[in-house]
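Chain and residue survey
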Amino acid sequence: MYDWFNSHNKWAAITIGAATVAVSKLIFATIKYARSRKSNEEVLTILIFNELSGSCGANHLKKAPFKCQNKYCTRSHIQRIVYQIDQAQYCIDIAIYTFTIIELLEAFKRALSRGVTIRVISDHEMICSSGSKVLSLNRLGVEVRMPETTAMMHHKFMVIDERARVDDLRLKDRKSKPRAYQSVVVYGSANWTLQGFNGNCENCVITSDKQMTKKFQTEFDRMWKSFECSSRNVKACIK
Ligand SMILES: [Zn+2]
C-alpha cells in the first residue's frame, strides 16, 4: 500500500480529496435532512366559538391595525387556521362536510401556488351545494373524493404535513430540496362556514400531537382509497 502511494502520489491525493468531499457532502445532507425533520415548538390551540364570537364584528371595520381582545372572535380564530395553512410545506389533506369560508379558500390557493399537494374528501350531498368552496378547489386541479352512500361524510378535519405522508411525497420527488415542516391536525365540531364560525357553539382544536396527526392521517388515507372511484362523479357534479 505504502509503495503504491509513493508511486501514485498524484492519484492518491485526488482519490483521497474526492472521497473527503463526498463524505463531507453526505454528512452535510444528513444533518440538513435531520434538521428538516425536527419539529418546531409543539402546537396546541383550542378555538371556542359561541354567541359572543361575532360581538366584535363592528370593531374589525375600524382602521387597521386592530388587535381584537375578544377571545371567542370569529375573525381571529379564522386567522389562526389560515396561519396553519400558510405554514404547509408539502401536503394538506382535508375531510370536511361543507366549506364556504373565502379566507380559507384563499389560503389553500396560496398553498397550491407554493406547490403544496391538496386532497379533499367531502360529503356527497354538500359537495355541490351553492357556495361550496370544495368545487372551487376542484376547479383549481385539487382531486376531490366522496363516499357514495346515504351516510354522511361528517368529518371536519385537516391534516397538514403529516410525517408519513411527507415521506411518501418525498420519495416521489427526490429532486426537490428537503424543507423544514411541522405536522399539524386541525379538527373539531365546526363546519368551515359562517354559521359554524359565527354564531354556533363549536370548537376547533389545532395540535401537533404525533398520535393525533397520525390517527387522522390514517383514517384520511383509508377513506381516500375507499372512495377512489368517486372522482369522476365529483366532476359530473360540477358540470
Ligand atoms: Zn374580533
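Use the structure listed above.
I will try to describe carefully the structure that is included in this document. (Residues numbered from 1 in each chain as written. Predicted model: local features only at pLDDT ≥ 70, side-chain atom pairs only at ≥ 80, totals over all residues. Heavy atoms only, no water.)

1. A few points about the sheet that holds strand E7 (residues 202–207)
Across the sheet, seven strands lie side by side as E1-E7-E6-E5-E2-E3-E4; this open sheet has mixed pairing. One side of each edge strand has no neighbouring strand; the edge strands of this open sheet are strand E1 (44–49) and strand E4 (143–145). Shown here is a sheet whose adjacent strand axes are inclined to one another by a mean of 10 degrees, direction ignored. In the sheet, strand E3 (residues 117–122) pairs with E4 via three bridges, with the strands oriented parallel. Residue pairing across strands places Ile 121 opposite Arg 145, the latter belonging to E4. Across the sheet, helix H6 (residues 163–172) touches strand E2 (91–96) and E3, and the angle it forms with E2 is around 130 degrees. Helix-sheet contacts for helix H8 (residues 210–226) involve E2, E3, E4, strand E5 (156–160), strand E6 (184–188) and E7, and the interaxial angle to E3 is about 70 degrees. (Pairing = 2+ DSSP bridges. Helix = DSSP H or I, 4+ residues; strand = E, 2+ residues; numbered from the N terminus. Axes fitted to C-alpha atoms, helices over the stretch in contact; angles between N-to-C directions. Contact = heavy atoms within 4.5 Å.)

2. Quick look at the pattern of salt bridges
The full count for this structure, using the stated rule, is seven salt bridges. Asp 93 serves as the salt-bridge partner of Arg 119, at 2.7 Å between the closest nitrogen and oxygen. Of this pair, Arg 119 sits in strand E3 while Asp 93 sits in strand E2, and the two are 26 residues apart along the sequence. A single burial state applies to Arg 119 and to Asp 93, both of which are buried. The shortest N-O distance in the salt bridge between Asp 221 and Arg 119 comes to 3.0 Å. Here the residue Asp 221 occupies a position in helix H8, and Arg 119 occupies one in strand E3, the gap between them amounting to 102 residues. Residue Asp 221 is classed as partly exposed on the basis of its relative accessible area of 33%. Among the residues examined, Arg 119 registers a relative accessible area of 10% and is labelled buried. Where salt bridges share partners, they join Asp 93, Arg 119, Arg 165 and Asp 221 into one cluster. (Salt bridge = Lys/Arg side-chain N within 4 Å of Asp/Glu carboxyl O. Buried < 20%, exposed > 50% of the residue type's maximum accessible area, 1.4 Å probe, protein only.)

3. Remarks on the coordination of the zinc ion
The coordination sphere of the zinc ion contains the protein donors Cys 56 (SG), His 60 (NE2), Cys 68 (SG) and Cys 73 (SG), at a distance range of 2.1 to 2.3 Å. For the zinc ion, the four donor atoms are set out with angles of 98 to 117 degrees between them, so the coordination reads as tetrahedral. (Donors = N, O, S within 2.8 Å, 3.2 Å for Na, K, Ca; no water. Tetrahedral: all angles 85-135°; square planar, octahedral: opposite > 155°, others 65-115°.)

4. Let's talk about the packing of aromatic side chains
Scanning the model with the defined rule gives eight aromatic pairs in all. Pairing Phe 49 with Phe 197 gives two aromatic rings, centres 4.8 Å apart and planes at 15 degrees, and the pair type is stacked. On the criterion of sequence distance, the pair formed by Phe 49 in strand E1 and Phe 197 in helix H7 (residues 194–197) is long-range, its members being 148 residues apart. Residue classification places Phe 49 among the buried residues on the basis of a relative accessible area of 1%. The exposure class assigned to Phe 197 is buried, which follows from its relative accessible area of 0%. Considering the side-chain rings of Tyr 90 and Tyr 181, the 5.8 Å spacing of their centres and the 85 degrees angle between planes classify their relative orientation as edge-to-face. A residue pair is termed long-range when its members are at least 10 positions apart, and Tyr 90 in the loop between helix H3 (74–87) and E2 and Tyr 181 in the loop between H6 and E6 qualify at 91 residues. Directly above the ring of Tyr 90 sits Arg 179, whose terminal nitrogen or CZ lies 4.2 Å from the centroid. (Phe/Tyr/Trp six-rings, centres within 6.5 Å; stacked < 30°, edge-to-face > 60°. Lys NZ or Arg CZ within 6 Å of the ring centre and 35° of its normal.)

5. So, the side chain of Glu 162
Its place among the elements puts Glu 162 in the loop between E5 and H6. At 3.1 Å, the side chain of Glu 162 and the backbone nitrogen of Arg 165 are in polar contact. When neighbours within four sequence positions are excluded, Glu 162 is seen to be in contact with Cys 91, Ser 183, Thr 213, Lys 214 and Gln 217. (Polar contact = N/O pair within 3.5 Å; in protein donor to acceptor, adjacent residues only side chain to side chain.)

6. A few points about the packing of H3 against helix H4 (residues 102–113)
Geometry of a packed helix pair, given as the angle between the helix axes and the separation of the axes. It is at 9 Å that the axes of H3 and H4 come closest, and there the two elements cross at 10 degrees. It follows from the interaxial angle that H3 and H4 lie roughly parallel. Seen from H3, the contacting residues are Ile 78, Gln 79, Ile 81, Val 82, Ile 85 and Asp 86; seen from H4, they are Glu 103, Leu 104, Ala 107, Phe 108, Arg 110 and Ala 111. Across the contact of H3 with H4, the residue classes tally to eight nonpolar, one polar and three charged. (Parallel < 35°, antiparallel > 145°, perpendicular 65-115°, else oblique. Nonpolar A, V, L, I, M, F, W, Y, C, P; charged D, E, K, R; others polar.)

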